[in-house]
There are 2 protein chains.
Amino acid sequence: MMNFEQKLENYAELVIKKGVNVQKGQPVMIACPIESYELGYLMAKKAYDCGASDVVFNWYDDALGLLRYEKAPLESFQEFPEWIKIRQEYYFKKNGAVISITSSDPTLLESVDPEKIQASNIAQSKVMKPIMKYTMNDMNAWCVVGAASKGWAKCVFPDLEPEEAVEKLWDAIFYTTRCDQEDPIGAWDEHVATMDRHARFLNEKQFKYLHYKNSLGTDLTIELPKNHKFLSAGSTSDIGAEFIANMPTEEVFTLPKKDGVNGVVYSSKPLNYGGNLIDGMRFVFRDGKVVEYSAEKGQQYLDQMFSVDENGKYLGEVALVPYDSPISNLDIVFMNTLFDENASCHLAFGKAYPTCLEGGTRLTDEELEEKGVNDSLIHEDFMIGTEDLSIIGELENGEKLELFKDGNFAI
Amino acid sequence: MMNFEQKLENYAELVIKKGVNVQKGQPVMIACPIESYELGYLMAKKAYDCGASDVVFNWYDDALGLLRYEKAPLESFQEFPEWIKIRQEYYFKKNGAVISITSSDPTLLESVDPEKIQASNIAQSKVMKPIMKYTMNDMNAWCVVGAASKGWAKCVFPDLEPEEAVEKLWDAIFYTTRCDQEDPIGAWDEHVATMDRHARFLNEKQFKYLHYKNSLGTDLTIELPKNHKFLSAGSTSDIGAEFIANMPTEEVFTLPKKDGVNGVVYSSKPLNYGGNLIDGMRFVFRDGKVVEYSAEKGQQYLDQMFSVDENGKYLGEVALVPYDSPISNLDIVFMNTLFDENASCHLAFGKAYPTCLEGGTRLTDEELEEKGVNDSLIHEDFMIGTEDLSIIGELENGEKLELFKDGNFAI
């Protein structure tokens, strides 16, 4: 059996070689929790081995983040520093690759004044919006991965001792990213090929509508725009490097027609919104827009999310994930979108990926709007998949086809 | 006896309250080694308690710094990112306070290609030069302090076990910063008052020349410009907050007349130049400029230092430190300028502090040049004090006065 160090090294190598696929002469940015120093160091080493020109860390820390929210005045959250945008853009323009390591305690900000969080989220979104295109349009290689932290692990495994919880969370991360296998990179090649087949099938069909139904009460119709593209794990950056933006990933996804969503949908897992959990959500859509919503837990954070901008009430992503995915079969609620979204069919509020429309990255904002591509400061996934989810696809000519049966692909 | 945690908390509080003297609404930047996370966290907490609007960390790490030097190509060191200047200036303009925690292994870069180090130093100096004024002119509060790291401690105490070495280095840091005393802040008030008395005496005398002699062979005459000011520990920022730029500090210092240095001087301790040690230095000056130099160890780094720019061969600082200072009496060679310079009379090559000239911060670059204030991309201290150092001060009218005898103030 592989020991922890070997799996961690596999992981670092996988993220560098398949995740962002570092090219010679390319700078690499890593947003890394201080607690995950060991992983960050290994990634830097692997990146330099692949010829990276520089590896730049953006270190963050839950305890310091919380301290600031607790102690700094509200006004200080209303301005987001421009230099952070300038820093990111500096490396984006040098074709830099970006790695984000997510590991935060999902309940970290529970006791924090929601006004501060909201002010911070809005200020950040406004400053960072102009540079979202670098990743949303796949101009640069980017990859989001997880790292087990004490704070996160205690939420996922509240009954275990802290060290055991961290160990178990690492095991889950290694399992879902295939880093506990002999040849993780080979395993990913195979996995990506399977998902590509699903995406190809969906793209050839060009469904006009998807009808969702399950026993939670979901009864939703989503219209897909003409020339939509279902994407799977792999993307290609402007310099022609293939990368995988999420690890793990089990989803094929596209965009909805902005005004073509109608009906009701229920969430099937909690959503971690900027350090706070929202659970038991219900949304009613009319012509694309949420006209009614509620949550059993965290309603105020949902209010906040929808108050960022008008288009945050429209969908930007439609993702298909088999209920029997490896992540789902672990039967762990990670309370972290990267993992939970890959255990479940999901949707996202807010900005759509222009890459999901044929030729979409070459269109202006106005042209995208016209074609029903939603734009917003937010992009928030929420999970809707269940073991009895049914999705019927309807073709342009009215023909219907069973796409998902009992939570899984029926194709 | 106080335990480590208490002393560390004293230290964090001292740096925040006396070091940079954080004011309400002020942002605080901390350059902090990841290894010193605990100290950084305590400083952040104390800073917020004093009303800081934000505490922004610039985390660094010896191992990652070394990895980059070992693996990244030379070209990548020839460009220093502009965003780093923009980040600093963003907080300087908000009257931010700046804390630098120094802790690096002084021999870290021994095996690194000197060309890379040189390229990096020059690129950094050029980009950062326009914002040196914020600290060099005391516009913003700034403070440099030390933190014991494994890498540094093993160099200072090579015969001790790693943990013991770190502990002993911390003890030395706490001792020299008075943080092992019951009332560190009170102790600093007293200490600053003593140094202020020395500075006042020197400023009233307005010596025209200082003649240095000792048994190493030093025989040097330094001319001081008209209206020079000897400064001691305390400074005042533009927003009127008193701060202490170095902790520990035992020096009173001023600037030399750029073209008024003649004779020969020998170093008395090694100099840590950007991660490399230079030892056994000898410099011959004529009309302010070094016309001959040598080092028993690290000659190539000395060559590098002098190749940055022409004015790097002229002096920018003259500092008086009693040989019997608390730091000196520890009889430890710290191989770290912050500590070693405060155990010994020293000089610095390169840029002079305009604050050391009456009205100097209001002068243009040309006016400063005219008055003999040196300007350079570098500012490098080197130690010259010995137990038999004699300094004779000569007044404008030719009268001579014994200023230092057997290494200590004779006044």
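Asks: Please provide a residue-by-residue account of the overall build of chain A, values included.
Replies: When its secondary structure is counted, chain A shows 13 helices and 19 strands. Over its C-alpha atoms chain A spans a radius of gyration of 20 Å, differing by no more than 12% from the 22 Å that the globule rule assigns to 411 residues. For chain A, the spread of C-alpha atoms along the three principal axes comes to 55 × 50 × 45 Å. Accessible area of chain A: about 16400 Å², with a carbon and sulfur share of 45%. Of the side-chain charges in chain A, 40 are positive and 67 negative, and the distance between the mean point of each set is 5 Å.

Asks: Account for the pairing of strand β17 (residues 390-394) of chain A, with residues named and values stated.
Replies: Regular strands place side chains that alternate from one sheet face to the opposite one. Residue and element names in this part refer to chain A. Examined bridge by bridge, strand β5 (residues 209-213) and β17 share five bridges and lie antiparallel to one another. Bridged to Y209 within β17 is E394. When β17 meets strand β18 (residues 400-405), the two strands line up antiparallel, connected through four bridges. From the neighbouring strand, E394 faces β18, where its bridge partner is K400.

Asks: Pulling in residues and values, what's your account of the relation of the copies chain A and chain B?
Replies: For the pair chain A and chain B, the relating rotation is 180°, the translation along its axis is 0.0 Å, and the fit reaches an RMSD of 0.0 Å. Here the two chains are linked by the operation of a two-fold rotation axis. A shared binding surface is used by both copies, with 100% of the interface residues of chain A retained as interface residues in chain B.

Asks: Account for empty space enclosed by the protein, with residues named and values stated.
Replies: Residue and element names in this part refer to chain A. Evaluation of the coordinates by the stated rule reveals one cavity of 30 Å³ or more. Considering only enclosed or pocket space, the largest cavity measures out at about 30 Å³ in volume. Lining the largest cavity, in full, are Q26, N95, G96, M139, N140, A141, S237 and I239. Partitioning the lining of the largest cavity into residue classes produces three nonpolar, five polar and no charged.

Asks: Give a detailed account of the pattern of salt bridges, specifying residues and quantitative values.
Replies: Residue and element names in this part refer to chain B. Taken as a whole and judged by the stated rule, the model has 34 salt bridges over all chains. Note that K17 is salt-bridged to E13, the shortest N-O span being 3.6 Å. Separated by four residues within a single helix, K17 and E13 lie in helix α1 (residues 4-19), roughly one turn from each other. Accessibility expressed as a relative area gives 26% for E13, which makes it partly exposed.

Asks: Describe the interface of chain A and chain B, naming the residues involved and giving the relevant values.
Replies: Every contact between the two is made by 32 residues of chain A and, on the other side, 32 residues of chain B. Carbon and sulfur atoms supply 68% of the area that chain A and chain B bury against each other, a total of about 2800 Å² over both sides. At the boundary of chain A and chain B, one finds six salt bridges. Among the salt bridges present, the one from D54(A) reaches R68(B), with a minimum N-O distance of 3.1 Å. Counting every contact that joins chain A to chain B gives 14 residue pairs in polar contact (both at pLDDT 80 or more). When residues of the side of chain A that touches chain B are traced back to their parent elements, those giving at least two are α2 (37-49), β2 (54-60), α3 (62-71) and α4 (82-92) of chain A. Residues that form the side of chain A that touches chain B fall into these classes: 20 nonpolar, two polar and ten charged.

Asks: Could you give me a rundown of the packing of aromatic side chains, with the residues and numbers involved?
Replies: Under the counting rule described, the total for this entry stands at 47 aromatic pairs over all chains. Between F334(B) and F339(B), the ring centres sit 4.8 Å apart and the planes meet at 25°, which makes this aromatic pair stacked. Ring pairing ties together the aromatic residues W83(A), Y90(A), Y91(A), W83(B), Y90(B) and Y91(B), which thus form one cluster. The ring of W83(A) carries R87(B) above its face, with NZ or CZ at 5.5 Å from the centroid. The ring centre of W188(B) lies 5.4 Å from the NZ or CZ of R178(B), which sits over that ring.

Asks: Residues and numbers for the sheet that holds strand β3 (residues 97-102) of chain A, please.
Replies: All names here are of chain A. If you trace the four strands from one edge of the open sheet to the other, you get β2-β1-β3-β4, paired in parallel fashion. Among the strands making up the open sheet, the edge pair consists of β2 and β4 (142-146). The sheet shows a mean angle of 15° between the axes of neighbouring strands, direction not considered. Where β3 and β4 come together, five bridges link them in parallel fashion.

Asks: For the sheet that holds strand β14 (residues 315-320) of chain A, give the residues involved together with the corresponding values.
Replies: All names here are of chain A. With respect to topology, four strands assemble into an open sheet ordered β9-β14-β15-β16, the strand pairing being antiparallel. The open sheet has two edge strands, β9 (252-254) and β16 (379-383), and neither has a second partner. Across the sheet, the mean angle separating the axes of adjacent strands is 20° when strand polarity is ignored. Relative to β14, β9 runs antiparallel, the two being bridged by three bridges. Paired with V252 across the two strands is L320, which belongs to β14.

Asks: So what about the layout of surface pockets? Which residues, and what values?
Replies: All names here are of chain A. As a volume, the second largest pocket reaches approximately 430 Å³. Along the wall of the second largest pocket there are 24 residues; nearest its centre are D196, G234, S235, T236 and E242. Counting residues per element, the ones that place at least two in the lining of the second largest pocket are α1 (4-19), α9 (184-205), β7 (234-236) and β8 (242-244). When residues in the lining of the second largest pocket are grouped by element, the largest group, seven residues, is from α9. Taken together, the residues of the lining of the second largest pocket sort by class into seven nonpolar, eight polar and nine charged.

Thresholds applied
- Residues numbered from 1 in each chain as written.
- Chains lettered and ligands numbered in written order.
- Predicted model: local features only at pLDDT ≥ 70, side-chain atom pairs only at ≥ 80, totals over all residues.
- Heavy atoms only, no water.
- Helix = DSSP H or I, 4+ residues; strand = E, 2+ residues; numbered from the N terminus.
- Rg over C-alpha atoms; globule rule 2.2 N^0.38 Å.
- Areas by Shrake-Rupley, 256 points an atom, 1.4 Å probe, with all protein chains shown as cover.
- Lys, Arg positive; Asp, Glu negative; His and termini not counted.
- Charge placed at Lys NZ, Arg CZ, Asp CG, Glu CD.
- Pairing = 2+ DSSP bridges.
- Least-squares fit on C-alpha atoms with pLDDT ≥ 70 in both.
- Contact = heavy atoms within 4.5 Å.
- 1 Å grid on protein atoms, 1.4 Å probe; cavity = no way out; pocket = protein on both sides within 12 Å on 5 of 7 lines; lining within 4 Å.
- Points joined across faces, edges and corners; volume = space filled by probe spheres on them.
- Nonpolar A, V, L, I, M, F, W, Y, C, P; charged D, E, K, R; others polar.
- Salt bridge = Lys/Arg side-chain N within 4 Å of Asp/Glu carboxyl O.
- Buried < 20%, exposed > 50% of the residue type's maximum accessible area, 1.4 Å probe, protein only.
- Buried area = accessible area lost by both parts, 1.4 Å probe.
- Polar contact = N/O pair within 3.5 Å; in protein donor to acceptor, adjacent residues only side chain to side chain.
- Phe/Tyr/Trp six-rings, centres within 6.5 Å; stacked < 30°, edge-to-face > 60°.
- Lys NZ or Arg CZ within 6 Å of the ring centre and 35° of its normal.
- Axes fitted to C-alpha atoms, helices over the stretch in contact; angles between N-to-C directions.

Honestly, that's just the spatial picture; any functional story needs more than this.
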